[in-house]
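# Observations on the three-dimensional arrangement
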Amino acid sequence: MVPVDTAIDPGQPAQLSFAPATEAPELLAPPVAAALGGIDPALSARIRVAAIDPGLADTAAFCAAYSWAPESGANCIVVAGRRGERTTYAACVVLASTRADVNGAVRRLLDARRASFAPMADAVALTGMEYGGITPIGLPADWRVLVDARVRDVPDAIVGAG
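Residues numbered from 1 in each chain as written. Predicted model: local features only at pLDDT ≥ 70, side-chain atom pairs only at ≥ 80, totals over all residues. Heavy atoms only, no water.

### Overview of the pairing of strand β3 (residues 73–83)
Consecutive side chains of a regular strand alternate in pointing toward one face of the sheet and then the other. Counting buried residues in β3 gives 9 out of 11 residues, a clear majority hidden from the surface. Bridge analysis of β3 against strand β4 (residues 86–95) gives 10 bridges, and the strand direction is antiparallel. Of the residues in β4, the one forming a bridge with A80 is Y89. In sequence, β3 turns back onto β4 through a hairpin of 2 residues, with G84 there showing a positive phi of about 65 degrees. Examined bridge by bridge, β3 and strand β5 (residues 114–117) share 4 bridges and lie antiparallel to one another. In the sheet register, A80 faces β5, and the bridge partner there is S116. (Buried < 20%, exposed > 50% of the residue type's maximum accessible area, 1.4 Å probe, protein only. Helix = DSSP H or I, 4+ residues; strand = E, 2+ residues; numbered from the N terminus. Pairing = 2+ DSSP bridges.)

Below you can see the structure in the form of structure tokens.
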């Protein structure tokens, strides 16, 4: 999802208007659009997008404004793992109601001595996506995408960057 400028009345729940991602390229970052163009059309047709208020990109604010349960959403978090002079980037996709185990499981999977959330400027520059709208689709080819097993149990998950 890529935020757009819209005003939300705090007294009323906001509505999401979904469209197939391939029919709303203006809502896609260039790397996401390019990645969608390279996958099976039957799969890409199932990926939908919605414009959101940029002030609601935070998970808690989004869920409250759009009446979306955190366990029905997922965050895509960019992590930097370091071992010596080498830095490895990865995306972790976890339910919005949980936390990524960055210093435990993620650090071990990246074979890193130290792992942390990537700085916002680095995440934006490296992905070509807006902060708050980084998705696992369209990431650099050498990145690992680590998906919490609980995410696959959600039939229709909203994915944003947490």
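From this point, the narrative continues.
### Description of the packing of aromatic side chains
Scanning the model with the defined rule gives 3 aromatic pairs in all. Here the aromatic rings of F18 and W68 are separated by 6.4 Å at their centres, their planes lie at 55 degrees, and the arrangement is tilted. Of the two residues, F18 is situated in the segment before β1 (19–20) and W68 in the loop between α3 (59–66) and β3; the sequence distance between them amounts to 50 residues. Since its relative accessible area comes to 21%, W68 is described here as partly exposed. (Phe/Tyr/Trp six-rings, centres within 6.5 Å; stacked < 30°, edge-to-face > 60°.)

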